[in-house]
Amino acid sequence: MMRWTMPAALVLLAACGGGQDGEAGPEDSAVIGPVQKAERAAPPERPTAGAEAAAPAPDEDGARVDGDTHPPEIRGRWALSAADCTARKGADLTVLTIGATDLRFYESHGELVRVRQSDANRIVADYRFSGEGEEWDRRMTLTLADGGKALVRRDTGEGAVANAMRYTRCAG
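In this text, all values refer to a predicted model and were calculated from it rather than measured experimentally.

Novice: Where do I start with the overall build of the protein in this structure?
Specialist: Assigned secondary structure in the protein consists of three helices and 10 strands. Beginning at the N terminus, the succession of helices and strands in the protein can be written as α-α-α-β-β-β-β-β-β-β-β-β-β. When burial is assessed residue by residue, the protein has 27% of its 172 residues classed as buried. Taking the contacts inside the protein whose residues are at least 6 apart along the sequence as the reference set, 34% of them involve residues at least 24 apart. Only carbon and sulfur atoms are counted for the fraction: they give 54% of the accessible area of the protein, which is about 12200 Å².

Novice: Where do I start with the environment of Asn 121 in this structure?
Specialist: Among the structural elements, Asn 121 can be located in the loop between strand E6 (109-119) and strand E7 (122-131). Using a relative accessible area of 32% as the deciding quantity, one classes Asn 121 as partly exposed. In this structure, the C-alpha to C-alpha distance between Asn 121 and Pro 71, residues 50 residues apart in sequence, is 7.2 Å.

Novice: Help me out: how do you make sense of the sheet that holds E6 in this one?
Specialist: Hydrogen bonds along the backbone pair up the strands of a sheet, which may run parallel or antiparallel. Strand order in the closed barrel formed by eight strands is E3-E4-E5-E6-E7-E8-E9-E10, and the pairing between neighbours is antiparallel. With strand direction ignored, the average angle separating the axes of adjacent strands in the sheet is 35°.

Novice: It is not clear to me how the nonpolar core should be interpreted in this structure. Could you clarify?
Specialist: Buried together is how nonpolar side chains tend to be arranged in soluble globular proteins. Counting residues in hydrophobic clusters, the biggest one holds 18 residues, and the most contacted among them are Ile 98, Leu 103, Tyr 127, Leu 142 and Leu 151. Of all elements in the fold, only strand E4 (95-98), E6, E7, strand E8 (134-145) and strand E10 (165-169) reach the threshold of two or more residues within this core. Not counting residues within four places of it along the chain, the set of residues in contact with Leu 103 comprises His 70, Leu 96, Thr 97, Ile 98, Ser 108, His 109, Gly 110, Tyr 127, Phe 129, Met 140 and Leu 142.

Novice: Even after reading the chapter, I still don't get the packing of aromatic side chains, so can you show me in this structure?
Specialist: Remark: the centre distance and the inter-plane angle together describe each pair of aromatic rings, the angle taken between the planes. For the coordinates displayed, the defined rule picks out three aromatic pairs. Plain terms: the ring middles of Phe 129 and Trp 136 are 5.6 Å apart, the flat faces sit at 5° to each other, and that makes the pair stacked. Note on Phe 129: relative accessible area 2%, which makes it buried. You can call Trp 136 partly exposed: its relative accessible area is 28%. Here the aromatic cluster, defined as three or more aromatic residues joined through ring pairs, consists of Phe 105, Tyr 127, Phe 129 and Trp 136.

Novice: Before we go on, may I ask you to explain unusual backbone geometry in this structure?
Specialist: Leaving glycine aside, a negative phi is the common case for residues, and trans is the common case for peptide bonds. With a phi close to 50°, Glu 132 is a non-glycine residue in the positive phi region. Inspection of the secondary structure assignment puts Glu 132 in the loop between E7 and E8. For Glu 132, a relative accessible area of 62% translates into the label exposed. Located in the positive-phi region is Asp 146, a residue other than glycine, with phi close to 55°. For Asp 146, the position within the fold is in the loop between E8 and strand E9 (150-156).

Novice: Explanation requested: the pattern of salt bridges in the structure shown.
Specialist: Counted under the stated rule, the structure contains seven salt bridges. Where Arg 104 meets Asp 102, a salt bridge forms, and the shortest distance between an N and an O atom there is 3.7 Å. Since its relative accessible area comes to 16%, Asp 102 is described here as buried. By sharing partners, the salt bridges in this structure join Arg 116, Asp 126 and Arg 139 into a single network.

Novice: Teacher, can you tell me more about the pairing of E8 here?
Specialist: Sheet faces and side chains relate simply in a regular strand, where the side chains alternate between the two faces. Of the pairings in the sheet, the one linking E7 to E8 comprises 10 bridges and is antiparallel in character. By the bridge assignment for E8, Ser 130 is matched with Glu 135. Adjacent in sequence and paired antiparallel, E7 and E8 are bridged by two residues, among which Glu 132 carries a positive phi angle near 50°. Relative to E9, E8 runs antiparallel, the two sharing seven bridges. Bridge pairing in E9 places Ala 145 opposite Ala 150.

Conventions we followed
- Residues numbered from 1 in each chain as written.
- Predicted model: local features only at pLDDT ≥ 70, side-chain atom pairs only at ≥ 80, totals over all residues.
- Heavy atoms only, no water.
- Helix = DSSP H or I, 4+ residues; strand = E, 2+ residues; numbered from the N terminus.
- Buried < 20%, exposed > 50% of the residue type's maximum accessible area, 1.4 Å probe, protein only.
- Contact = heavy atoms within 4.5 Å.
- Areas by Shrake-Rupley, 256 points an atom, 1.4 Å probe, with all protein chains shown as cover.
- Pairing = 2+ DSSP bridges.
- Axes fitted to C-alpha atoms, helices over the stretch in contact; angles between N-to-C directions.
- Core = buried A, V, L, I, M, F, W, Y, C linked by side-chain atoms within 4.5 Å.
- Phe/Tyr/Trp six-rings, centres within 6.5 Å; stacked < 30°, edge-to-face > 60°.
- Salt bridge = Lys/Arg side-chain N within 4 Å of Asp/Glu carboxyl O.

Below, the structure written as structure tokens:
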């Protein structure tokens, strides 16, 4: 049995070449050592779509909004109940913490997937959530109110909460 295992393994290993047929390059027809490969110039970088907008554009208030993160004014710690702002960790059940690219709730975590609209005081974005062994997608609109002292959250999509939720900004 052992003598058939070794040749079979070699045949399988040879079949897993990893190259693409019809795409032979200079490496396939010439002997190139490690030093020669290292001396080869890197291919020029191609600009990606939207690369011309490398610097964030200021909105009407002059704040920088980059379209890839939560606006800085929206980031921070918020709670549905003001008492949760000062509650010890684990007892702060209604706290929402907004980072540059994520949302953290008591028992779930959302990663920013796509910003649909954004300015200094509002963002409409898609998130990928996970928590309690589950994963789901959700679109949310987060809007500052009361001069930045409150945050209004509206969810859309399957399983979304029907009504808007109003959070209070937690100190610090």
